[in-house]
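# Coordinate analysis (summary)
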Amino acid sequence: MGTGIAEALLRSGLAVAGVERDADAVGRARARIGRSLERAVRRGHLDPSGPRDLLARLELGADPAAVAGCGVVIEAIDEDREAKAALLARLDAICPPSTVFATNTSSLSVTELAAGTGRSARVLGMHWFNPAPRMRLVEIVRTVVSDDDAVAAVEALALAAGKTPVIAADRAGFIVNALLFGYLNNAVRMVESHFATRDDVDAAMRLGCGHPMGPLALLDLIGLDAAYAVLASMHEQTGDHLHAPAPLLGHLVAAGLLGRKTGRGFYAYAGADSGEVLRPLDGQSQAATGDVPHSGLDSRTARPVRTVGVVGSGTMALGIAQVLARAGLEVIVRARRPQAADAVRGRVDAALAAAVDKGRLSQSDREAAMGRLRATTDLGELGGCDLVLEAVVEDLAVKRELFTDLDKVARPGAVLATTTSSLPVIECATATSRPSDVIGMHWFNPAPVMRLVEVVPTVLTGEDVTATVEALARAAGRQPVRCADRAGFIVNALLFPYLNDAVRMLESNYATIDDIDTAMTVGCGHPMGPFALADVVGLDVTLAITRSLHRQFHEPGYAPAGLLEQLVRAGFLGRKTGRGFREHAGR
């Protein structure tokens with residue numbers, strides 16, 4: 001990391017004095033920077049003369065006295081509290097009182113490190129992300145005694161290096177790690193408990209949330225030993241057992257399976273430091289790394305589906321109907337009111353016309369899809385459907401009543417599916433006389449755009465029913481992921497505790513909305529920060545799902561943040577009301 005930081009500063013035009021522990025380390029550091037700069041030349045990111053010019057501004061040695069004249073000194077040694085404290089104390093004796101010290105710690109208390117010097121007001125955190133030359137985010141961590149001018153000096157240095165600085169208070173994990181590693185640990189626990197497979201968890205978060213990498217693949221990139229150390233440090237500081245490293249993570253570290261750098265972690269790779277994932281041979285299990293296949297499922301057992309009934313006439317219901325009709329299935333939409341039924345075809349046709357205008361659908365395919373779609377107010381007309389999918393209001397009493405009615409009209413052997421995002425699927429199943437035919441099929445909004453479908457069998461669901469729904473999802477061009485019937489399924493169970501943690505961070509005045517959102521978009525590549533995302537989802541929906549997770553798991557850390565509850569009571573629900581965490585014009 002130290003050489004990466006030095007390179008980033010050199011490439012921004014600054015002169016750098018670097019200190020290593022001995023002459024051998026100095027030689028390795030210079031060679032590492034040189035190789036990195038040469039790669040930048042080959043990729044067209046640096047002029048051919050760049051390495052020579054940049055290295056001319058680099059002074060490398062083994063004597064700490066070389067930094068005595070620097071205005072800011074960045075410490076980037078191993079993540080060891082005693083070693084960092086000893087180095088800062090030594091620098092304290094060398095540098096004038098005005099020098100600002102910035103520690104690159106990712107998990108240790110900056111306040112404790114600062115207290116070991118005679119200049120605690122001028123010791124801050126400056127957490128860079130790896131690889132430092134490419135990653136744009138820098139977290140600046142101020143303590144309760146930090147001088148404003150010291151904070152300003154470190155922020156100015158980050159800006160001069162072309163980075164995006166965010167400022168946070170000194171708390172375990174700062175912003176990114178505090179939000180990210182709880183989420184990653186939760187994902188490991190999902191796999192560890194066989195709630196979902198490694199591949200399904202990763203696919204769910206990539207396709208359902210737009211994350212650039214799934215959590216298990218990201219852990220392999222970070223390094224499982226590094227992740228374990230960060231979580232252990234956070235747990236030591238917070239006492240929150242959600243930060244206690246998942247046992248599976250510890251087992252992999254103990255076995256030396258550290259991720260990409262060793263060639264195997266949650267995934268197996270072509271070699272050490274390779275990003276090429278190897279797939280297991282048929283019949284070969286990777287149970288140790290959490291890729292436990294679901295037993296007994298054979299796609300050949302799927303029941304044929306030619307006609308699908310969709311109950312509901314809202315945005316989600318019609319989006320699903322549109323996708324299925326385009327996929328070649330006969331679709332019958334059942335609406336409660338005649339006006340809604342009359343509007344079904346017009347609304348779907350308008351969406352298809354827009355797809356034609358954008359060049360995503362031919363006119364003939366539009367006409368064919370509309371020829372496969374019809375609407376009704378009579379639930380009995382769904383009696384001949386091979387599969388009936390409900391997409392009505394997220395109210396358990398309403399859904400149970402509907403499933404009781406569907407049980408009476410659906411033909412024997414028809415699959416009954418619910419699109420619930422948070423309610424127990426088993427509660428819908430037990431409202432019928434055929435619980436083995438009932439399953440969850442959770443689509444994401446907007447259905448015509450989102451490729452993910454969560455398939456949620458209950459303890460009573462037949463394996464042929466699960467195979468049927470997975471086959472239907474694939475036929476509709478969607479990626480099915482399977483999980484057990486538990487609150488939140490995969491995506492919501494990982495996403496909403498993360499959103500809730502971000503709200504807690506804000507209400508404790510730990511960081512601002514903008515800095516938290518920036519940290520997660522710039523630092524983690526998320527398409528939206530947690531507050532922007534909550535405003536889109538709706539704060540009322542966020543609160544409802546968070547409450548359902550808390551009710552099922554009785555986890556203190558899942559209790560809804562007080563600020564979230566207050567905003568919902570005030571009617572500030574996000575974009576749909578014009579105000580949530582932010583104000584939104586043009587509601």
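This section reports on the structure supplied with the text. The structure presented is a predicted model; accordingly, all values stated were derived computationally and were not measured.

### Notes on a positive patch on the surface
A contiguous patch of positive charge on the surface is contributed by Arg-21, Arg-28, Arg-32, Arg-35, Arg-39, Arg-42, Arg-43 and Arg-134. By the secondary structure assignment, Arg-28 is in helix α2 (residues 23-42).

### Notes on the pairing of strand β5 (residues 123-128)
Burial analysis of β5 places six of its six residues in the buried class, the great majority of the element. Neither face of β5 is exposed, since Val-123, Gly-125 and His-127 on one face and Leu-124, Met-126 and Trp-128 on the opposite face are all buried. Sheet topology note: the strand β4 (residues 100-103)/β5 ladder contains three bridges and is parallel. The residue bridging Ala-102 from the neighbouring strand is Leu-124, located in β5. With respect to chirality, the unit in which β4 leads through helix α5 (residues 110-115) into the neighbouring parallel β5 is right-handed. Sheet analysis places β5 next to strand β6 (residues 137-142), joined by four bridges and oriented antiparallel. Paired with Gly-125 across the bridge in β6 is Val-141.

### Remarks on unusual backbone geometry
In this chain, Asn-130 is followed by Pro-131 through a cis amide linkage whose omega measures 0 degrees. Note on placement: Pro-131 falls in the loop between β5 and β6. Cis geometry marks the peptide bond from Asn-445 to Pro-446; its omega dihedral reads -5 degrees. Looking at the secondary structure, you find Pro-446 in the loop between β15 (438-443) and β16 (452-457). Although it is not a glycine, Phe-489 adopts a positive phi angle of roughly 50 degrees. Positionally, Phe-489 belongs in the loop between β17 (479-482) and α18 (491-507). In this model, Asn-509 sits at a positive phi of 60 degrees, which is unusual for a non-glycine residue.

### Comments concerning the packing of helix α21 (residues 539-553) against helix α22 (residues 562-569)
Packing of α21 against α22 brings their axes to within 9 Å, and their N-to-C directions diverge by 135 degrees. The angle between the axes of α21 and α22 places the two elements in the oblique class. Judged by the twist between their axes, the crossing of α21 over α22 is left-handed. Residues Leu-539, Asp-540, Thr-542, Leu-543 and Arg-547 of α21 form the contact with α22, whose own contacting residues are Leu-564, Glu-565, Leu-567 and Val-568. Residue composition of the contact of α21 with α22, by class: five nonpolar, one polar and three charged.

Here is what the cut-offs are and how they apply
- Residues numbered from 1 in each chain as written.
- Predicted model: local features only at pLDDT ≥ 70, side-chain atom pairs only at ≥ 80, totals over all residues.
- Heavy atoms only, no water.
- Patch = residues over 30% accessible without salt bridge, like charges linked within 9 Å, V, L, I, M, F, W, Y side chains within 5 Å.
- Areas by Shrake-Rupley, 256 points an atom, 1.4 Å probe, with all protein chains shown as cover.
- Salt bridge = Lys/Arg side-chain N within 4 Å of Asp/Glu carboxyl O.
- Lys, Arg positive; Asp, Glu negative; His and termini not counted.
- Charge placed at Lys NZ, Arg CZ, Asp CG, Glu CD.
- Helix = DSSP H or I, 4+ residues; strand = E, 2+ residues; numbered from the N terminus.
- Buried < 20%, exposed > 50% of the residue type's maximum accessible area, 1.4 Å probe, protein only.
- Pairing = 2+ DSSP bridges.
- Right-handed = clockwise from strand over helix to strand, strands pointing away.
- Axes fitted to C-alpha atoms, helices over the stretch in contact; angles between N-to-C directions.
- Parallel < 35°, antiparallel > 145°, perpendicular 65-115°, else oblique.
- Left-handed = near helix turned anticlockwise from the far one by under 90°.
- Contact = heavy atoms within 4.5 Å.
- Nonpolar A, V, L, I, M, F, W, Y, C, P; charged D, E, K, R; others polar.

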